[in-house]
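Descriptive analysis of the structure
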Amino acid sequence: MRPLVRSCWGPLPGAGGAGWRPSPRWRALVGLSGCSGGEDGRGTRVREKPPWRVLFFGTDQFACETLRALHAARENKEEELIEKLEVVTVPSPSPKGLPVKQYAVQSQLPVYEWPDAGSGEYDVGVVASFGRLLSEALILKFPYGILNVHPSCLPRWRGPAPIIHTVLHGDTVAGVTIMQIRPKRFDVGPILKQETVPVPPESTSKELEAVLSRLGANMLVSVLKNLPESLNSGRQQPAEGVTHAPKISAATSCIKWEEQTSEQIFRLHRAIGNIIPLQTLWMNNTIKLLDLVEVNSSVLTDPKLTGQAVIPGSVIYHKQSQILLVCCKDGWIGVQSVMLKKTLKAIDFYNGYLHPWYKKNSQAQPSQCRFQTLRLPPKKKQKKKIVAMQ
């Protein structure tokens, strides 16, 4: 978004100002170039340098890392970067609340539940994994606007689940963008700072989140140290290369054996396995696949395996490696444990379910005893989407 520090805004909402179009008088706003009093038009003096008064908006573990960095900066009396730090989070069914609320309470920081956004005076807002659109009226309460710590190289992966989609699509490079919030749309504001990191091979979204959360927290502190300068040097996002990272639903976890390759299934497992296990259907029972492993080439050349007619979804227990082998579009994946009525190792699933089925159906082929794609009810009948806010 266009930095608020660059301008004295034109007509406020309800006063005929239909567009988000700042006038060029930003120097007057911050008390420069002979502007008397350094007022912002509401009787509040706008600070030209730290320490800042910060209102933080966040929810999850990714956001917690940013909040920790802000709290540490407030506690560092030598540097005097942050004078005041308060927190806004969203309601949670858990009595303890979301991670951000837990940390705020533990650290004795004032905390508000959305839509309550505090009532004090602040210089700048900070958003990390909040998942709510902020109104223009709210943004305008902050002389320096609201900054967003977003874990992607914008404009790639705009939306609430950028880390998941980074892993899901096999990106080799990830990153963090510090940008400024604009109203009405997510992740479209100007970039103040952007850094990239390589995505480690076989990295899960949880592992990548830990890396990006630390990077983002450090980048934000760097921006706050030179806030007016950072806002002035912000650049608009390019129009090219825009991709979107929508929320993940339960349907995403349903493996399509005929359509997905082994690499796609492994990526899906690394991307969402920590949120919701991959799911499939076996003999009208929903099964969750908990631990996926790549299949050793020596297993694939086993005569017992190569001598059988198989189709995608066929499941075979390999005794030597004690894993379930499942055929997909282009090969095999290995499964070490599943959840049916309870968590079972592959050998227990074989002994309790597969072996008895084969004994009862001695002439059956593996293709008759296979995993099938789980078809969930239409969206209107499903439970609420699983939110992966990053």
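The text that follows walks through the structure, step by step, so that each part is easy to find.

Conventions adopted
Residues numbered from 1 in each chain as written. Predicted model: local features only at pLDDT ≥ 70, side-chain atom pairs only at ≥ 80, totals over all residues. Heavy atoms only, no water. Core = buried A, V, L, I, M, F, W, Y, C linked by side-chain atoms within 4.5 Å. Buried < 20%, exposed > 50% of the residue type's maximum accessible area, 1.4 Å probe, protein only. Helix = DSSP H or I, 4+ residues; strand = E, 2+ residues; numbered from the N terminus. Contact = heavy atoms within 4.5 Å. Pairing = 2+ DSSP bridges. Axes fitted to C-alpha atoms, helices over the stretch in contact; angles between N-to-C directions. Polar contact = N/O pair within 3.5 Å; in protein donor to acceptor, adjacent residues only side chain to side chain.

1. Structural notes on the nonpolar core
Nonpolar side chains tend to gather and get buried jointly when the protein is soluble and globular. With 78 residues, the main nonpolar core has F56, L224 and F349 as its most contacted residues. The dominant element in this core, judged by the number of residues it contributes, is helix α6 (residues 205-225), at nine residues. Once you skip the residues sitting within four places of it in the chain, F349 turns out to touch W282, I287, L324, V338, L340, L344, L354 and F371.

2. Points about the sheet that holds strand β5 (residues 146-150)
Pairing is mixed across the open sheet formed by seven strands, whose spatial order is β3-β2-β1-β4-β5-β6-β7. Because the sheet does not close on itself, it has two edges, and the strands there are β3 (111-113) and β7 (191-198). Strand-to-strand, the axes of this sheet are offset by a mean angle of 20°, without reference to chain direction. The pairing of strand β2 (residues 82-89) with β3 spans three bridges and is parallel. From the neighbouring strand, V87 faces β3, where its bridge partner is V111. Helix-sheet contacts for α6 involve β1 (52-58), β2, β4 (124-128), β5, β6 (173-180) and β7, and the interaxial angle to β6 is about 35°.

3. As for the side chain of T177
Along the chain, T177 turns up in strand β6. Dropping the residues within four chain positions of it, T177 is found in contact with N148, V149, H150, S152, C153, L154, I191, K193 and Q194.

4. Focus: the environment of L325
Within the secondary structure, L325 is located in strand β11 (residues 323-327). Distance from L325 to V293, taken between C-alpha atoms, is 9.7 Å for residues 32 residues apart in sequence. With near-sequence residues (within four places) excluded, L325 lies in contact with V295, V299, L305, S314, V315, I316, H318, W332 and I333.

5. Observations concerning the environment of N148
With respect to the element layout, N148 can be found in strand β5. The spatial distance from the C-alpha of N148 to the C-alpha of G125 is 8.5 Å, given a sequence separation of 23 residues. Discounting chain neighbours no more than four positions away, the residues touching N148 are V127, A128, T177, I178, M179, I181 and D187. Within polar-contact distance, the side chain of N148 engages the side chain of D187 at 3.4 Å.

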